[in-house]
Amino acid sequence: MDGYYAWMIVATALVLMMTTPALALFYGGMTRSKSVLNMMMMSYVAMAVVGIVYVLWGWSESFGPTSLAGGLFADPFTLFGLKDVAWGSYVAVCFQLTFAVITAALISGAIADRVKLSSWVVFLPLWVTLCYFPLAHMVWGGGWISTHLAAQDYAGGTVVHINAGVAGGVLALIIGRRVGFMRDPMKPHNLTLTMIGAGLLWFGWYGFNVGSIVLTGDTAAANTEQFMTETGVTFLNTTVATMAAMLAWLAMERVMHGKATSLGAASGIVAGLVAITPSCGAVGVVGAITIGAVAGVACAYAVGLKFKLDLDDSLDVVGVHLVGGVVGTVLIGFLSTSAAPGGIDGLFYGGGLTSLGHQAGAAGISIVWTGVFTTLIGLAIKYTIGWRVTEDDEVDGIDFAEHGESAYDLDGRSGGVRTPIPAAHVKTPATEGALA
Amino acid sequence: MKLVTAVIKPHKWEEVREALETFGVTGMTVTEVSGYGRQKGHTEVYRGAEYDIALVPKIRIEIVADDGDAEDVVGIIQKTAQTGRIGDGKVWVTPVETVVRVRTGDRDAAAL
């Protein structure tokens, strides 16, 4: 299966691109200009921290051979530092590494503009250890959910999106609202960045979904047959669901607010991608379009709820990832068809309520698990090192406070001089260069 | 000497510049500004969140003119920048004591 192996190398690099730079751009454009660098840095730092943690104990805790606590997680020390892991598995390790990274990075959108970089760096390893690796083991690593519920989660509706969505909501609650929330305009400062980010996410998502194929054949010929057919289904479903979600979001906006917006298009794309993530191998074309459309409408409605709840989930991690993840995961119970690679009939295809029960169960367990452990981590950080920068720093802009930089100097007239100025350069003459 | 200052709609700027050049105005200072008048701002909706945006983008033109030309300059700007809709802007004239050309030291009318 040379082709499969080559594809997985490409798919892994595509998913890496989803965090840096795609998610960083998508989120960065939505923040205010005084905090765009910090927002982008949260993604970049998540890449580095979670990536290192993943090869140390993440792979072992997710996919290691020693399942513990009845299948809730695997022993993080069995394969510590990829001990005894064959080189031939390294691409599989890296593929899964990129999933852990983007899941953690997704959370940052809920707590934009106000969190110390140091607290984020402390949070990341704790969160992936207590929330991400266990859920990855439960769903994909042969753990409890996969052995007790025949739930389908092709590429991470539960492990990635419900997980990140709940964590974002919990942290937004614990960390609190930005100064001026509900009073000051906090409109996106650069929607072109957001549009580029959304487009790159869509492109990278083919690695995410289509790369999530697991070969199950007994023979090389059977694996080739599976690879050559299943990838087409997941690719097509990912495509049409995203298109449907974008159109649905724009239609919702047009009806509710009078205009179809570029932010709505970008958001609809992500909502559709989220919803088709668990379901891309479970449904047919009509099912995929339905899931995308439902996700577009549901998420477009859900992003308004934070103002009713007075919850500053700044960039709508709950509204897009939790809601989209639940839509995609639970609709499998209705729209799953045995004609798709997953091979299970849902309610609308004569399969009764079994699949729906399994899907709802997997979603529910994910919500409770990550809700509990994220609360514990969030409170522990709140009452020790603290989460937030000072109110003055937040109002002046976290970019300068945390990083000593500002994102934009468009006309080059900020003024000032480099310090110290070497004596020879106090007055810089226009010369032909040192050797002239 | 008079300073004519105009705040106009951005899309009218090119038309106004051409008309002033035809009249014989040799230079001007132009800045992108934002502000509001009686029309106030407008509303924008982002993911369902509606914001009242107070400031509207405008172009500010500053021209120093001879006393005899100032009224004509005002008239040209007023006629060319007009759309008849709310938010067309304002023009005002202030007295200027003296003008110096930095390169030569010429003063007043010779400096324009």
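What you see as residue numbers is a count from 1 along each chain, following the sequence as written. Chain letters start at A and ligand numbers start at 1, both assigned in the order the entries are written. Residues qualify for local features only when their pLDDT is at least 70, as the model is predicted, and side-chain atom pairs are given and counted only at 80 or more; totals for whole chains, interfaces and linings, by contrast, use all residues.

A. Quick peek at the overall build of chain A. In terms of regular secondary structure, chain A is built from 15 helices and two strands. Each radius of gyration is computed over the set of C-alpha atoms, and the globule rule expresses the reference value as 2.2 Å times the number of residues to the power 0.38. Compactness check: chain A gives a C-alpha radius of gyration of 23 Å against a globular reference of 22 Å for 436 residues, within 12% of the reference. Dimensions of chain A along its principal axes, counting C-alpha atoms only, are 80 × 55 × 50 Å. Taken across its 436 residues, chain A has 53% of its residues classed as buried. Residue pairs in contact within chain A that sit at least 24 positions apart in sequence constitute 78% of those at least 6 positions apart. Secondary structure elements follow DSSP: runs of H or I of four or more residues count as helices, runs of E of two or more count as strands, with numbering from the N terminus. Between the buried cut of 20 or more and the exposed cut of 12 or fewer other C-beta atoms within 10 Å of a residue's own C-beta lies the partly exposed class, and all C-beta atoms are placed from the backbone. Our contact criterion uses C-beta atoms placed from the backbone: two residues qualify when those atoms are within 7 Å.

B. Representation of the overall build of chain B within the structure. The number of helices and strands found in chain B is two helices and six strands. Its helices and strands in sequence order give chain B the pattern β-α-β-β-β-β-α-β, from N to C terminus. Taking 13 Å as the expected radius of gyration for a compact globule of 112 residues, we find that chain B reaches 17 Å, considerably beyond that expectation. Among the 112 residues that make up chain B, the fraction classed as buried is 18%. A sequence separation of at least 24 residues applies to 67% of the contacts in chain B between residues at least 6 apart.

C. View of the nonpolar core. Structurally, a nonpolar core is described as a collection of buried Ala, Val, Leu, Ile, Met, Phe, Trp, Tyr and Cys residues joined by way of C-beta atoms within 7 Å. Among the nonpolar cores identified, the biggest contains 136 residues, and Ala104(A), Ala245(A) and Ile291(A) are the most heavily contacted of them. It is helix H2 (residues 36–63) of chain A that provides the largest number of residues to this core, a total of 14 residues. Non-local contacts of Ile291(A), meaning those with residues more than four positions away in its chain, are made with Ala241(A), Ala275(A), Ile276(A), Ser279(A), Val283(A), Val327(A), Gly328(A), Leu331(A) and Leu335(A). Judged by nonpolar contacts, the second largest core, of 15 residues, contains Leu20(B), Val25(B), Ile61(B) and Ile63(B).

D. Inspection of the packing of H2(A) against helix H3 (residues 90–107) of chain A at higher detail. Residue and element names in this part refer to chain A. Where H2 meets H3, the closest approach of the two axes is 8 Å, and the angle between their N-to-C directions is 130°. When the axis of H2 is compared with that of H3, the two are oblique. Helix-helix and strand crossings are classified by hand; for H2 and H3 the assignment is right-handed. Contacts between H2 and H3 pair Met42, Ser43, Ala46, Met47, Val50, Gly51, Tyr54, Val55, Gly58, Trp59, Ser62 and Phe63 from the former with Val93, Gln96, Leu97, Ala100, Val101, Ala104 and Ala105 from the latter. What counts as an axis is a line fitted to C-alpha atoms, over the stretch in contact for a helix, and the angles between N-to-C directions run from 0 to 180 degrees. These descriptions rest on fixed angle ranges, namely under 35 degrees for roughly parallel, over 145 for roughly antiparallel, 65 to 115 for roughly perpendicular, and the rest for oblique. For any pair of crossing helices, the crossing counts as left-handed if the nearer helix is rotated counterclockwise from the farther one by less than a right angle, and right-handed if it is rotated clockwise.

E. Structural context of the sheet that holds strand E5 (residues 56–65) of chain B. Residue and element names in this part refer to chain B. Any two strands between which DSSP finds at least two bridges are classified as paired. Ordered by their spatial adjacency, four strands build an open sheet running E2-E5-E1-E6, and the pairing between neighbours is antiparallel. Each of the sheet's edge strands pairs with one partner strand only, and the pair in question is strand E2 (29–35) and strand E6 (89–95). Going across the sheet, the axis of each strand differs from the next one's by a mean of 20°, ignoring polarity. Pairing between strand E1 (residues 2–8) and E6: seven bridges, direction antiparallel. Bridge pairing in E6 links Ala6 to Val91. This element, helix H2 (residues 67–81), spans E1, E5 and E6 of the sheet and lies at about 5° to E1.

F. Unusual backbone geometry, seen in detail. All names here are of chain A. The omega torsion across Thr20 and Pro21 is 10°, close enough to zero to call that bond cis. With respect to the helices and strands, Pro21 occurs in helix H1 (residues 2–30). The phi torsion at Asp84 lies on the positive side, around 65°, for a residue other than glycine. With respect to the helices and strands, Asp84 occurs in the loop between strand E2 (73–74) and H3. Given 11 C-beta atoms within a 10 Å radius, Asp84 is considered exposed. Here Asp316, not a glycine, exhibits a phi torsion of approximately 65°, which is positive. Along the polypeptide, Asp316 turns up in the loop between helix H11 (305–309) and helix H12 (317–335). The class for Asp316 is buried, based on 26 C-beta atoms found within 10 Å.

G. Focus on the packing of H1(A) against helix H7 (residues 191–210) of chain A. Residues and elements named next belong to chain A. For the pair H1 and H7, the least separation of the axes is 7 Å and the interaxial angle reads 155°. Viewed along their axes, H1 and H7 adopt a mutual orientation that is roughly antiparallel. Between H1 and H7 the crossing geometry is left-handed. A class-by-class count of the residues in the contact of H1 with H7 yields 21 nonpolar, eight polar and no charged. In this count, Pro and Cys sit with the nonpolar residues alongside Ala, Val, Leu, Ile, Met, Phe, Trp and Tyr, while Asp, Glu, Lys and Arg are called charged and the others, Gly among them, polar.

Any functional reading would require information beyond the geometric quantities listed.
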